[in-house]
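# Overview (structure and organization)
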Amino acid sequence: MKLTQISFAVAATIAAIALPASAQQQLERVEVTGSRILSPNAESPAPIQVMTAKDIAASGVANIQDLLTKNPAIGTPSLSRTNSNFLTSGGGVATIDLRNLGSNRTLVLVNGRRYVSGVPGDTAVDLNTIPTDFIERVELLTGGASSTYGSDAVAGVVNIILKRNFNGLTLDAQAGQSSKSDDKKKKFSATWGTSTDKDSLMAHIGFTRQGEVRSASRDGSGVDNNSLVAGGRSNKAEDLYRTYLGFSGYAPAGHFFAGDEDFTYDANGKQIAWSQNGPNGDGVGATGFNRSAFRRIAVPVDRLLLASKGEHQIADGHTAFFEATYASTKSSTNIEPFPLDTSNIYPDSGGEVPVSFNVNGKMVRNPLVPANVTSDTYFFTKRMSDFGPRHQDVERDTMRVLGGVKGDLTKVWSYEAYAGYGFTKEAQTGSGQVNVLNFRNALEVIPDGKGGAMCLDANARAQGCVPANVWGIGTMSDAAIKYIQAPQSLTTKVTQKMAGASVSGEPFDLPAGPVGVAAGAEWREEGSSTQYDALTQAGLNGGNQLPNTSGNYNVKEGFIETRLPLLKNLAMVKSLDATVAYRVGDYSTVGNTRSWNAGLDWAANSTVRVRFTQALSTRAPNINELYQGRSQTFPSVSDPCQGVKLTDTGVLADRCKAAPGVIDNMKANGGVFTLTQPDQQGVSGFDSGNSALDAERGKSTTLGLVITPKNIPLLKNFSFTADYFDIKIEKAINNPGRDYALDQCYNGGDTAFCKFITRRAVATSGGSAGALTFIDQVPVNSGGQQIRGLDLTSSYSEKVGPGRVNARLSWTHLLEAWTKATDTSTEDSSLGEVGNPKNKWTLGLGYDLGNWNVSTTTTYIGESYLDDQFSKKYLTDTTGKYTGFTKDTFKIGSKVYIDLQASYKMGKAQFYFGIDNVADTKAPPIVSGLPGNTTGTQTNASVYDPIGRRYYVGVRYSM
């Protein structure tokens, strides 16, 4: 980018300062979210919703995420306590997502400035690091704001404003739990502040603890089960949400295949026939494994929070300021023990384990292999329960310090300069994995000449190799476990450096009032690194192969903004103001970027106001999107070839039969392509970055009406807003999705997606011929993304009886929502799908009576549908295979959640009691196999409450 472009804003500002300004009495001028101009009339042409400290206190939340996600403008969080248990990293992180456009398109600010990310390689802020009880208010701005704040503000801005001018000391202590005696919550905070005419200082310390919720503690999620339809057990619509027992084929006793032998062991060490879900499929006599006994619905999170901010007047009209926050977060994830397949250990032979070995020219049999195994090789699968569950303990430390100076240059011109540094460090340790190289050594066993056994390889013996007896439950010695186990480690660090300077003022007057101008320059550098242990990097611990990733970028930006008072005090025009903002940036990764914003604010009178904005925002790709190494994952997908017959014709049948191994599978299963449960559960794939990505561009439009009838006595405390929003993203950086790739490859779409798909060419112990083994994906500048809808808000406060009623409604109605995987592909609508309902609203009601207060919050999530990429297989079937399926088959009914709090003031103390989810509303059964299922919860735990009714009590004391 040419330096003259960045210099433009600064040069324009210097010139503006030299222009004459109106002589007027100096008033307090404030900055509103979405603008850098300080103004005594802080009105925004963009729609802003506000949550106050009173709202936070009335919710009783420990983490601000829990309150924000009730707002209908907020979408499904990508990370939370209830959706992160199964992740290899990110357990317990809390992010926010405006409009379901992605947390990386939601810019989170603290006091109007950027905050360091809590997710390696991303820009998403971990809300765990924000002290909830130190927040004064949260402002939600819809629409592009990149011209004001820079990249990432495509969906909008969440501006968290910490307390200001606080004097005294406030203590807050709280304890609670669910009706099932879990999800235990403890919270304590202390906020202190003092101020004089020239100085102010505030400090905060907080501690919160939120306990785990186990899958086994809730009906429906304590036992492995799967959708009858998605699992191929039924073709009837009424069975879509019904389940069959789906124990895992990886059991602690092992499942062994040797020649014609197929067996496992009972608890007494006796060989028995394998029966995964029991002879009758009801779990009685089952030899499979119930994974849900180890899983969690919600992960535990402990937080220690420190924050401070202050100001010192260094001269008349000039002030130095600082902000500092520190957060220490601890969390853990827990899932079932590792499922081992001998193909993990012997990949070249498809999992064949030798029975005998050549020792000095003579074949010597492994003495641990049972006598009834007469074949030369054997296969097995085994749940490695001897090694315990796969458990991850994570500690994160986040620190942010920022300092600067601000002041007045004249009565109407002010300045601010700041610099800041922040980092998030993460240290994660894990257990439950195995070293596959050592395991191979421990399986290759010969007699030791003393009536025992020893490892075949002398070098391995010298390094501590101990034979592994895998034949049965609990047969492996402690020494063998110690030799084979593979402790995991992960360390990450995210850094952010930033500096900026700006001026704001009123260079001259127009007939309707003074012109406002703000301009400045900013610099920022973001860095991220992720480092795994050596075995994880190589994929030699049996789990996901995850490479190290690191990268950084910097950006230099300049911006200018002006507010133009066009008309004033005319018929039907109390005021008409225009705003224009422009920002240029130079990224070290994608080069030049440009953003702009234009708005109109028309007050017809003191009752009616109309606001309009149009903006062009940019988002540069983040470090993971650019540089992430090939990281293994195990996705849940639906194979479109399942159930296809050898005799079928058409595009789907032809493409499926042309895929490796599919015809062999059909021939082995009576002419029908058939997948076993391990086939469905064993799909893997790799995610990686794309260094060729360009910046995406978001075009947003908002048009709103504000009604505040202050001249009508009965309605003087009433307000109503209606805002239309339309956000369309060009070259949106997205992953098209694995189910989309499968659909395109096999159902007559773009066959370019087939290159990301790998099938098993021949049957092995790990699965059937033709079964999916890998589906890879990389981010691309896709064909775009759009969301369009209406926001309605209304508030009212009035004295009723001896007390005062307060009411506030926020409602979002979606009109359109879609993504396009490529420029030539069709739009994939998500309108009305789970997580994106057409209607969502929140109603807050409160009643104050003397020292008493009662408040309720009702959250409505409208009816939704399962992903149409899943349902169309059943709705477009022309073979008659699927019966009774209509659109309503895939409907998820609406849900209503009610939260209640009552409080009583006694002197300087306030005692409060609350119930969340008063009616104990159950989450809908989005069971395993259905799209949107959160593993371990049997619902979509990002959208619906999987925990149930919860209680808490607390006390606040101010002095």
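Treat the numbers as computed from the prediction; the structure is a model and nothing was measured.

What counts, and at which threshold
- Residues numbered from 1 in each chain as written.
- Predicted model: local features only at pLDDT ≥ 70, side-chain atom pairs only at ≥ 80, totals over all residues.
- Heavy atoms only, no water.
- Helix = DSSP H or I, 4+ residues; strand = E, 2+ residues; numbered from the N terminus.
- Buried < 20%, exposed > 50% of the residue type's maximum accessible area, 1.4 Å probe, protein only.
- Polar contact = N/O pair within 3.5 Å; in protein donor to acceptor, adjacent residues only side chain to side chain.
- Contact = heavy atoms within 4.5 Å.
- Phe/Tyr/Trp six-rings, centres within 6.5 Å; stacked < 30°, edge-to-face > 60°.
- Lys NZ or Arg CZ within 6 Å of the ring centre and 35° of its normal.
- Pairing = 2+ DSSP bridges.
- Salt bridge = Lys/Arg side-chain N within 4 Å of Asp/Glu carboxyl O.
- Patch = residues over 30% accessible without salt bridge, like charges linked within 9 Å, V, L, I, M, F, W, Y side chains within 5 Å.
- Areas by Shrake-Rupley, 256 points an atom, 1.4 Å probe, with all protein chains shown as cover.
- Arc of directions from axis to C-beta.
- Core = buried A, V, L, I, M, F, W, Y, C linked by side-chain atoms within 4.5 Å.

## Describing the side chain of Q49
Looking at where Q49 falls in the secondary structure, it is placed in strand 1 (residues 48–52). Overall, the relative accessible area of 15% leaves Q49 in the buried class. Among the polar contacts made by the side chain of Q49, one reaches the side chain of N71 at a distance of 3.1 Å. Every residue in contact with Q49, bar those within four places of it in the chain, is listed here: N71, A73, V138, E139, L140, D791, T793 and S810.

## Some words on the packing of aromatic side chains
A complete count under the given rule lists 24 aromatic pairs for this structure. Between Y421 and F423 the ring centres are 6.2 Å apart and the planes differ by 50°, which places this aromatic pair in the tilted class. The structure contains a cluster of three or more aromatic residues connected by ring pairs, namely F256, F263, Y265, Y378, F380 and W471. Of note, R36 hangs over the ring of F559, and the distance from its end group to the ring centre comes to 4.9 Å. If you follow R956 out to its NZ or CZ, it ends over the ring of Y912, 4.1 Å from the centre.

## Some details on the environment of V434
Tracing the backbone shows V434 in the loop between strand 24 (413–431) and helix 6 (436–443). A relative accessible area of 0% means that V434 is categorised as buried. Measuring from C-alpha to C-alpha, the distance between V434 and M384 comes to 8.6 Å, with 50 residues separating the pair along the chain. With residues up to four places along the chain from it excluded, the contact list for V434 reads F338, L340, M384, F387, F439, I484, A486, L540, N541 and G542.

## Examining the pairing of strand 24
Both strand 23 (residues 390–408) and strand 24 contribute to a ladder of 18 bridges, which runs antiparallel. Within the sheet, the bridge partner assigned to V394 lies in strand 24 and is Q428. Between strand 23 and the antiparallel strand that follows it, strand 24, lie four residues. Inspection of the sheet shows strand 24 paired to strand 27 (residues 488–505) by 18 bridges, in the antiparallel sense. In the strand pairing of strand 27, K425 is matched with K493.

## Describing the pattern of salt bridges
With the rule as written, the count across this model stands at 45 salt bridges. One salt bridge connects R611 with D723, and the closest N-O pair in it is separated by 2.7 Å. Of this pair, R611 sits in strand 34 (residues 608–619) while D723 sits in strand 38 (residues 718–730); the two residues are 112 residues apart in sequence, bridging distant segments of the chain. Of the two residues examined, R611 and D723, each falls in the buried class. One continuous salt-bridge network, built from bridges that share partners, spans R36, E522, E557 and R583.

## Some remarks on the environment of S636
As for its placement among the helices and strands, S636 is situated in the loop between strand 35 (631–633) and helix 11 (651–658). Distance from S636 to G929, taken between C-alpha atoms, is 7.5 Å for residues 293 residues apart in sequence.

## Digging into the pairing of strand 7 (residues 185–195)
By the bridge criterion, nine bridges tie strand 6 (residues 168–178) to strand 7 in an arrangement that is antiparallel. Each bridged residue has a counterpart across the sheet, and for T170 the counterpart in strand 7 is T191. If you look at the hairpin formed by strand 6 and strand 7, you'll find six residues sitting between the two strands, and S181 has a positive phi there, around 65°. Across eleven bridges, the pairing between strand 7 and strand 8 (residues 199–210) is antiparallel.

## Description of a nonpolar patch on the surface
Taken together, the side chains of I205, F207, L304 and L306 present a nonpolar region at the surface, about 290 Å² in accessible area. Of all the secondary structure elements, the ones that give two or more residues to the nonpolar patch are strand 8 and strand 16 (301–315). On the secondary structure map, F207 appears in strand 8.

## A short note on helix 11
Restricting attention to buried positions, one finds in helix 11 the residues A653, C656 and K657. Seen from one end, helix 11 has its buried residues packed into an arc of 95°, which puts them on one side. Buried residues in helix 11 make contact with helix 12 (662–668) and helix 14 (738–746).

## Points about the nonpolar core
The biggest cluster of nonpolar side chains holds 39 residues, and the ones touching the most others in it are I64, L68, L127, I135, V138, V158 and I160. At the level of secondary structure, the elements contributing two or more residues to this core comprise helix 3 (64–68), strand 2 (106–110), strand 4 (135–142), strand 5 (156–162), strand 38 and strand 44 (803–820). Setting aside anything within four residues of it in sequence, one finds L68 in contact with M51, I74, I96, L127, V138, L140 and V158.

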